2 protein chains.
Amino acid sequence: MDPRWRTRTLGVVQARDLAVAYPTVTMDTDALTAARLLTEHNRPGLIVVDERDHPVAVLPGSQVLRVMMPSYVQDDPALARVLDEGFADSICASLAEHTVKELVPKDRPVLPVANPDDTVLEIAAMMAANRSPLVAVLDGKGAGAPLLGAISIYDLLGRILPPAPTS
Amino acid sequence: MDPRWRTRTLGVVQARDLAVAYPTVTMDTDALTAARLLTEHNRPGLIVVDERDHPVAVLPGSQVLRVMMPSYVQDDPALARVLDEGFADSICASLAEHTVKELVPKDRPVLPVANPDDTVLEIAAMMAANRSPLVAVLDGKGAGAPLLGAISIYDLLGRILPPAPTS
């Protein structure tokens, strides 16, 4: 392994260097807007921020479907086979009447939050400890700092792993 | 809303039409290979298949980090700040000594499995019921059928939601 590669990757790179833009909502965002954001950004979830743009939670995309699909269909998905386009229209319309606040699960998954100068291995430890595929990175330190972006586990692993052997 | 759009989307489309290739491992795959697959495919997890290529579990990417990072660092991620490149090399090397079987959590998240002719709303119901951002699609029916591909929640939502209003 080229030692310069390793030094460049882990010795210098900080959370701020790895953070990329991530779609956000607030607790007051309606569920239809949240659903559209998921599809537009090809993400499995959204980051929920407060009025200061500080990250407070993660909204798993499946929560959007839980509010859309009636419980009798969740209990027996085969019942969904007979549902028609009119049904789909009505559940989509109903999304606009719900807010993210209603969707964030009570036993919400923890969204780890990193400071901009945290190291790659610190972020790895946060993901491991919280079983989270995502870490939010703050733009500045201190309580209430706004969101700079987020780091996904696959990007982080790419920084830690040695280069794949070339054959 | 254009009714032709709705009919095309929900009335005809089946799971087989939405399934896309998804990276897989077996229980015997080593953890280093699994980690590389996560980074190469930009996925938060992997599908675990048996010797018949039948999907049996999902491996969240964070499990790879849990086996890499010592528990004392997971308890206090700030301790990772002092870890150096040599440490990173050693934990990466140790990955090759573990298998996926060791990484799949005991309280493993459920991977919903769909038949190829399941409808969009059936898949939505499965995701909602299992709080899963992913559904595996079988290539054929019956126990032990091999994996055709997988459907992500953002692709599925894109099929259910009405087109965004154009301004």
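Bear in mind that the values here come from a model prediction, so they are computed numbers and not experimental data.

Novice: Tell me about the overall build of chain A, and name the residues and values.
Specialist: If you tally the helices and strands in chain A, you get 9 helices and 6 strands. Dimensions of chain A along its principal axes, counting C-alpha atoms only, are 60 × 45 × 25 Å. Considering chain A as a whole, with its 167 residues, one finds that 54% of them fall into the buried category. Taking the contacts inside chain A whose residues are at least 6 apart along the sequence as the reference set, 59% of them involve residues at least 24 apart. Summed over its atoms, the accessible surface of chain A is roughly 7500 Å², and 51% of this surface lies on carbon and sulfur atoms. Across chain A, the centroid of the 15 positively charged side chains sits 9 Å from that of the 21 negatively charged ones.

Novice: Break down the environment of Val73(A) for me, citing the residues and quoting the values.
Specialist: Residue and element names in this part refer to chain A. One can find valine 73 in helix α5 (residues 71-75). Judged by its relative accessible area of 0%, valine 73 is buried. C-alpha of valine 73 to C-alpha of leucine 83: the two residues are 10 residues apart in sequence and 9.8 Å apart in space.

Novice: Residue-level account of the interface of chain A and chain B, with values.
Specialist: Facing the 63 residues of chain A at the interface are 63 residues of chain B. Both sides of the chain A and chain B interface together cover about 4900 Å² of buried area, and 69% of this is carbon and sulfur. Its largest share of buried area at the contact with chain B, chain A owes to Arg81(A), Arg131(A) and Tyr154(A), together 13% of the area lost on that side. Where chain A meets chain B, there are 6 salt bridges. Its salt-bridge partner being Arg81(A), residue Asp117(B) comes within 3.7 Å of it at the nearest N-O pair. Linking chain A with chain B are 12 residue pairs in polar contact (both at pLDDT 80 or more). For the side of chain A that touches chain B, the secondary structure elements donating two or more residues are α1 (3-12), α3 (31-41), α4 (61-68), α5, α6 (85-95), α8 (120-130) and α9 (153-160) of chain A. Of the residues forming the side of chain A that touches chain B, the biggest block, 8 residues, is contributed by α8(A).

Novice: Explain the relation of the copies chain A and chain B residue by residue, including any values.
Specialist: In the superposition of chain A on chain B (RMSD 0.0 Å, axial shift 0.0 Å), the rotation amounts to 180°. Interpreted geometrically, this transformation is the action of a two-fold axis. Of every C-alpha in chain A, the one belonging to Pro44(A) sits nearest the axis of rotation, 4.5 Å from it.

Novice: Can you explain the pairing of strand β2 (residues 45-49) of chain B? Please cite residues and give values.
Specialist: Residues and elements named next belong to chain B. Among the 5 residues that make up β2, 5 are buried, leaving the element largely enclosed by the rest of the structure. Both faces of β2 are covered, namely the face carrying Gly45, Ile47 and Val49 and the face carrying Leu46 and Val48. Sheet topology note: the strand β1 (residues 24-25)/β2 ladder contains 2 bridges and is parallel. Looking at the pairing, threonine 24 lines up with isoleucine 47 of β2. For the segment spanning β1, helix α3 (residues 31-41) and β2, crossover handedness is right-handed. Alignment of β2 against strand β3 (residues 55-60), held across 5 bridges, turns out to be antiparallel.

Novice: Explain the sheet that holds strand β4 (residues 113-114) of chain A to me, and be specific about the residues and the numbers.
Specialist: All names here are of chain A. Ordered in space as β4-β5-β6, the 3 strands form an open sheet in which the pairing is mixed. Each edge of the open sheet carries a strand with a single partner, namely β4 and β6 (147-152). In this fold α8 packs onto β4, β5 (134-138) and β6, with an angle of close to 130° to the strand it touches most, β5.

Novice: Explain α3(B) residue by residue, including any values.
Specialist: Each full turn of the α-helix corresponds to 3.6 residues, which orients residues three or four apart in the same direction. All names here are of chain B. Here α3 lies mainly inside the structure; 8 of its 11 residues are buried. Of all the residues in α3, the buried ones are Ala31, Leu32, Ala34, Ala35, Arg36, Leu37, Leu38 and Thr39. If you check the start of α3, you find a side-chain oxygen 3.0 Å away from the backbone N of leucine 32, and it comes from aspartate 30.

Novice: Lay out the pattern of salt bridges in plain terms, naming residues and giving numbers.
Specialist: Counted according to the given criterion, the structure contains 10 salt bridges over all chains. In this structure, Arg81(B) engages Glu122(A) in a salt bridge whose closest nitrogen and oxygen atoms are separated by 3.2 Å. Taken together, the residues Arg81(B) in the loop between α5 (71-75) and α6 (85-95) and Glu122(A) in helix α8 connect one chain to another. Here Arg81(B) falls in the partly exposed class, since its relative accessible area comes to 40%. Overall, Glu122(A) belongs to the buried group, its relative accessible area being 4%. For Lys141(B), the salt bridge identified is with Asp117(B), shortest N-O distance 3.2 Å. With Lys141(B) in the loop between β5 (134-138) and β6 (147-152) and Asp117(B) in the loop between β4 (113-114) and α8 (120-130), this residue pair connects regions lying 24 residues apart in the sequence. On the accessibility criterion, Lys141(B) (55% relative accessible area) is exposed. Since its relative accessible area comes to 18%, Asp117(B) is described here as buried. One connected set of salt bridges, linked through shared partners, spans Arg81(A), Asp117(B), Asp118(B), Glu122(B) and Lys141(B).

Thresholds applied
- Residues numbered from 1 in each chain as written.
- Chains lettered and ligands numbered in written order.
- Predicted model: local features only at pLDDT ≥ 70, side-chain atom pairs only at ≥ 80, totals over all residues.
- Heavy atoms only, no water.
- Helix = DSSP H or I, 4+ residues; strand = E, 2+ residues; numbered from the N terminus.
- Buried < 20%, exposed > 50% of the residue type's maximum accessible area, 1.4 Å probe, protein only.
- Contact = heavy atoms within 4.5 Å.
- Areas by Shrake-Rupley, 256 points an atom, 1.4 Å probe, with all protein chains shown as cover.
- Lys, Arg positive; Asp, Glu negative; His and termini not counted.
- Charge placed at Lys NZ, Arg CZ, Asp CG, Glu CD.
- Buried area = accessible area lost by both parts, 1.4 Å probe.
- Salt bridge = Lys/Arg side-chain N within 4 Å of Asp/Glu carboxyl O.
- Polar contact = N/O pair within 3.5 Å; in protein donor to acceptor, adjacent residues only side chain to side chain.
- Least-squares fit on C-alpha atoms with pLDDT ≥ 70 in both.
- Pairing = 2+ DSSP bridges.
- Right-handed = clockwise from strand over helix to strand, strands pointing away.
- Axes fitted to C-alpha atoms, helices over the stretch in contact; angles between N-to-C directions.

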